[in-house]
There are 2 protein chains.
Amino acid sequence: MATARTSTTDAEQGSAAQRDRRRRILEATLALASKGGYDAVQMRTVAERAEVALGTLYRYFPSKIHLLVSALALELEAIQDKLSRKPIPGDTAYDRTLYVLNRVTGALQRDPMLAEAMTRAFMFADPSASAEVNAVARLMEEMFTRAMHDGEPTADDRAKARVIGDVWLSNLVAWVTRRASANDVVNHLELATRLLLH
Amino acid sequence: MATARTSTTDAEQGSAAQRDRRRRILEATLALASKGGYDAVQMRTVAERAEVALGTLYRYFPSKIHLLVSALALELEAIQDKLSRKPIPGDTAYDRTLYVLNRVTGALQRDPMLAEAMTRAFMFADPSASAEVNAVARLMEEMFTRAMHDGEPTADDRAKARVIGDVWLSNLVAWVTRRASANDVVNHLELATRLLLH
DNA sequence: AGCCGGATTAGAACACGTTTCAGTTTGAAC
DNA sequence: GTTCAAACTGAAACGTGTTCTAATCCGGCT
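Residues numbered from 1 in each chain as written. Chains lettered and ligands numbered in written order. Predicted model: local features only at pLDDT ≥ 70, side-chain atom pairs only at ≥ 80, totals over all residues. Heavy atoms only, no water.

Participant: Describe the protein's contact with DNA strand D, listing the residues and the values that go with them.
Facilitator: Not every one of the 17 residues close to DNA strand D is listed here, only the nearest: Arg44(A), Arg21(B), Thr56(B), Arg59(B) and Tyr60(B). Here, DNA strand D places atoms within 4 Å of the protein, and 62% of those atoms are sugar or phosphate. In the model, a phosphate oxygen of DNA strand D is placed 3.0 Å from a nitrogen or oxygen of the Met43(A) main chain. At a separation of 2.5 Å, a phosphate oxygen of DNA strand D approaches a polar side-chain atom of Arg21(B). Broken down by secondary-structure element, the contributors of at least two residues to the surface near DNA strand D are α2 (43–50) and α3 (54–60) of chain A together with α1 (16–40) and α3 (54–60) of chain B. The leading source of residues in the surface near DNA strand D is α3(B), at three residues. Of the residues assigned to the surface near DNA strand D, the class counts are seven nonpolar, four polar and six charged. (Near = heavy atom within 4 Å. Polar contact = N/O pair within 3.5 Å; in protein donor to acceptor, adjacent residues only side chain to side chain. Helix = DSSP H or I, 4+ residues; strand = E, 2+ residues; numbered from the N terminus. Nonpolar A, V, L, I, M, F, W, Y, C, P; charged D, E, K, R; others polar.)

Spelled out as structure tokens, the structure:
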């Protein structure tokens, strides 16, 4: 209970040097993604910037998808961490959910290229990365479930949270591909939340 | 009113030879995707099988994504066509929607590799393919909107149809990446539909 | 200190999406 | 039938994700 670590599924093992390499790699990934999106995250460039050999990068992350989805998990954890620092405002599940949705959406929209890189990776992932993808999916579901109210969620709460997560993902994709504006996204999320939570 | 053509956004132009090339290309794409999924749809292979030069393939479809999403639109149209041939059974919007969902989901699950290829392409699409992606999105929305009841849909109907489409897409992705079983998908869809349509 | 096995490195090599180019074919206008 | 632009072809070439290899490095063991 003493350590307040980022409890990524498998982050804290290996020597200090190895943990540092992993950190450098993810750092480089986020920096490149933030500047140029999915295409700018080139494996050679990541390796160079993280000061590891290309082969080493592939030892840590077996594909570009694994790499980006792991980075996404890291980001989501950071967001969730910040969220859980203050209690969620709002009296109704509707208000609280909308608050969380806006916070998360805002965080992504503040860094569109990063959002693009991570969303495309998440959506393109094949079964070999399903562990990483599942970790992210669980994080999302948990975030929206907690939003509804404090205490134990019912099965119904979970179902609603999942639907909201689905709508959120779809809209994220639409926004990233410029089929929907930031405003569209906010409106659709609000509408969907209202439909689900009265 | 005489022609009962497949009214794809832009399918019916050019000489007969051109229409035939386009048809052969899409045919080859569907065959390859059906056999081996996204990875098996290799541009050189498609070109060879359609008996056109690689450059010609790229003249018709500027990227693998455009190609696959166009093929998806074609498939969706076919499904919708078959659907509209018989009236949708069910007395309530809930029943009717579930019927349509099961029909569409079933069609995709009957050809998992094809579903994988088209879903991944749809989700990975970048803004350059947004026209094609939008065409598909519109088809989906229309299908679910029509499912609710006959006649003009209200704004509320549309919103609900969109949410259902979002849930459907998310579950399709989860199924394709083997994070969810066919059964999971059916259950989640039913649950979401119930939540939305009472 | 010397040894060992796994981790790391630099770099070549391979696969496939995409681009480019020089030459040929096609078909519409005259 | 000739002419011309656009479409098509075959083939080479490029970029980036991924794999492979031989050499070197590192940390723990005796």
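Participant: Describe in detail the protein's contact with DNA strand C, supporting the description with residues and values.
Facilitator: Around DNA strand C, the structure places 17 residues, and the nearest of them are Arg21(A), Ala53(A), Thr56(A), Arg44(B) and Lys64(B). For DNA strand C, the backbone makes up 62% of the atoms found within 4 Å of the protein, where backbone means sugar plus phosphate. Measuring from a phosphate oxygen of DNA strand C, one finds a backbone N or O atom of Lys64(B) at 2.9 Å. Among the elements that make up the surface near DNA strand C, the one with the highest residue count is α3(A) (three residues). Taken together, the residues that form the surface near DNA strand C break down as seven nonpolar, four polar and six charged.

Participant: Got a sec to walk through the interface of chain B and chain A? Specific residues and values, please.
Facilitator: If you look at the interface, chain B gives 32 residues, while chain A gives 32 residues. Here chain B meets chain A over a buried area of about 2,800 Å², counting both sides, of which 66% is carbon and sulfur. A per-residue breakdown of the area chain B buries against chain A is headed by Phe124(B), Arg179(B) and Leu195(B), which together make up 24% of the total. In this assembly, chain B and chain A are joined by zero salt bridges. Counting across the interface, chain B meets chain A through six residue pairs in polar contact (both at pLDDT 80 or more). Secondary structure elements with two or more residues in the side of chain B that touches chain A: α6 (112–124), α7 (130–148), α8 (155–176) and α9 (182–197) of chain B. The leading source of residues in the side of chain B that touches chain A is α8(B), at 12 residues. Here the residues of the side of chain B that touches chain A sort into 17 nonpolar, seven polar and eight charged. (Contact = heavy atoms within 4.5 Å. Buried area = accessible area lost by both parts, 1.4 Å probe. Salt bridge = Lys/Arg side-chain N within 4 Å of Asp/Glu carboxyl O.)

Participant: Got a sec to walk through the relation of the copies chain B and chain A? Specific residues and values, please.
Facilitator: Superposing chain B onto chain A takes a rotation of 180° combined with a translation of 0.0 Å along the rotation axis, leaving an RMSD of 0.0 Å. This pairing of chains is accounted for by a two-fold axis. Mapped onto chain A, 100% of the interface residues of chain B are again interface residues, and the two copies thus contact each other with one and the same surface. (Least-squares fit on C-alpha atoms with pLDDT ≥ 70 in both.)

Participant: Residue-level account of the packing of α6(B) against α8(B), with values.
Facilitator: All names here are of chain B. At a closest axis distance of 10 Å, the pairing of α6 and α8 adopts a crossing angle of 120°. When the interaxial angle is binned, α6 and α8 end up oblique. In terms of crossing hand, the pair formed by α6 and α8 is left-handed. Listed contacts from α8 to Pro112, Ala115, Glu116, Thr119, Arg120, Phe122 and Met123 of α6 are Leu169, Leu172, Val173, Trp175 and Val176. Of the residues belonging to the contact of α6 with α8, the class tally is nine nonpolar, one polar and two charged. (Axes fitted to C-alpha atoms, helices over the stretch in contact; angles between N-to-C directions. Parallel < 35°, antiparallel > 145°, perpendicular 65-115°, else oblique. Left-handed = near helix turned anticlockwise from the far one by under 90°.)

Participant: Break down a positive patch on the surface for me, with residues and values.
Facilitator: Residue and element names in this part refer to chain A. A contiguous patch of positive charge on the surface is contributed by Lys82, Lys86, Arg103 and Arg110. Mapped onto the elements, Arg103 comes out in helix α5 (residues 93–109). Overall, the relative accessible area of 35% leaves Arg103 in the partly exposed class. (Patch = residues over 30% accessible without salt bridge, like charges linked within 9 Å, V, L, I, M, F, W, Y side chains within 5 Å. Areas by Shrake-Rupley, 256 points an atom, 1.4 Å probe, with all protein chains shown as cover. Lys, Arg positive; Asp, Glu negative; His and termini not counted. Charge placed at Lys NZ, Arg CZ, Asp CG, Glu CD. Buried < 20%, exposed > 50% of the residue type's maximum accessible area, 1.4 Å probe, protein only.)

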